[in-house]
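Summary of the model geometry
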Amino acid sequence: MGTVSSTAKTINKMAITVEGVQDLIKSDKVVIFSKSSCPYCKMAKECFEKLKQAFTAIELDKRDDMDEFQDILGTLTGARSVPRVYVKGEFIGGGTDVKKLYESGELAKKLA
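Residues numbered from 1 in each chain as written. Predicted model: local features only at pLDDT ≥ 70, side-chain atom pairs only at ≥ 80, totals over all residues. Heavy atoms only, no water.

Details of the confidence of the model for the protein
We count it as follows: Each residue carries a pLDDT score, the predictor's own confidence in it, on a scale running from 0 to 100. Residue contacts are counted whenever heavy atoms from the two residues lie within 4.5 Å of one another.
Averaged over every residue, the pLDDT of the protein is 88; the share at 70 or more is 87%. Low pLDDT, under 50, characterises residues 1-12; the stretch is placed with 30 contacts to residues that sit more than four places away or in other chains.

See the structure below:
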């Protein structure tokens, strides 16, 4: 599972369609599309851990359908890179975006 706190849950299997990914995004308050060895993904997760906010982490590097997943994320967000972070169904960016939101206090406000 990588470096994910006990407050996180991981989804391993689902239908890989745009609708399936959108349903997954809606399934939890915070959803992070990640790769377990990515330093930017770890940065984003750490921000939520510091706020004691549970999240769903989808570790794409542990899936056989990683490329299809990233293609769909590219369609939805304009980029295939990870992390792709959603809060309450809203795409808020990648690792540095999340860190900036955390440092400014805006991330906590989005979670409230």
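Quick notes on the pattern of salt bridges
As a reminder of what qualifies: Definition used for salt bridges: Asp or Glu carboxyl oxygen within 4 Å of a side-chain nitrogen of Lys or Arg. Think of it this way: any DSSP run of H or I at least four residues long counts as a helix, any run of E at least two long counts as a strand, and we number them from the N terminus.
The final tally for this structure, using the stated rule, is 7 salt bridges. One salt bridge in this structure joins Lys 45 and Glu 59, with 2.5 Å as the shortest N-O distance. With Lys 45 in helix α2 (residues 39-50) and Glu 59 in strand β3 (residues 55-59), this pair connects stretches of sequence that are 14 residues apart. Residue Asp 65 pairs with Arg 63 through a salt bridge whose shortest N-O separation is 2.8 Å.

Considerations on the environment of Ile 92
Which entries qualify depends on this criterion: To sort residues, take the accessible area from a 1.4 Å probe on protein chains only and compare it with the maximum for the residue type: under 20% means buried, over 50% means exposed, and anything in between is partly exposed.
Relative to the helices and strands, Ile 92 is located in strand β5 (residues 90-93). Residue class for Ile 92 comes out buried when judged on its relative accessible area of 11%. Spatially, the C-alpha atom of Ile 92 lies 9.3 Å from that of Leu 107, the residues being 15 residues apart in sequence. If we ignore the near neighbours within four places in the chain, the residues touching Ile 92 are Phe 48, Val 85, Val 87, Asp 97, Val 98, Leu 101, Leu 107 and Lys 110.

Describing helix α1 (residues 18-26)
Stated precisely, the cut-off is as follows: In this description, the arc belongs to the directions extending from the helix axis to the C-beta atoms.
Residues Gly 20, Val 21, Leu 24 and Ile 25 constitute the buried set of α1. All buried residues of α1 lie within an arc of 140° about the axis, which places them on one face of the element. Opposite the packed face of α1, turned more than 90 degrees from it, sit the exposed residues Glu 19 and Lys 26. Looking at the buried positions of α1, the neighbouring elements they touch are β2 (30-34), β3, α3 (66-77) and β4 (84-87).

Remarks on the pairing of β2
Our working definition: At least two bridges found by DSSP between two strands is the condition for calling them paired. Orient the strands so they point away from the viewer; a crossover is then right-handed if the path from the first strand over the helix to the second runs clockwise.
Counted residue by residue, β2 has 5 buried out of 5 residues, so it is predominantly covered. Here β2 shows no split at all, with Val 30, Ile 32 and Ser 34 on one side and Val 31 and Phe 33 on the other all buried. By the bridge criterion, 4 bridges tie β2 to β4 in an arrangement that is antiparallel. Within β4, the residue paired with Val 30 across the bridge is Val 87. Tracing the backbone out of β2, into α2 and back to the parallel element β3 gives a crossover that is right-handed.

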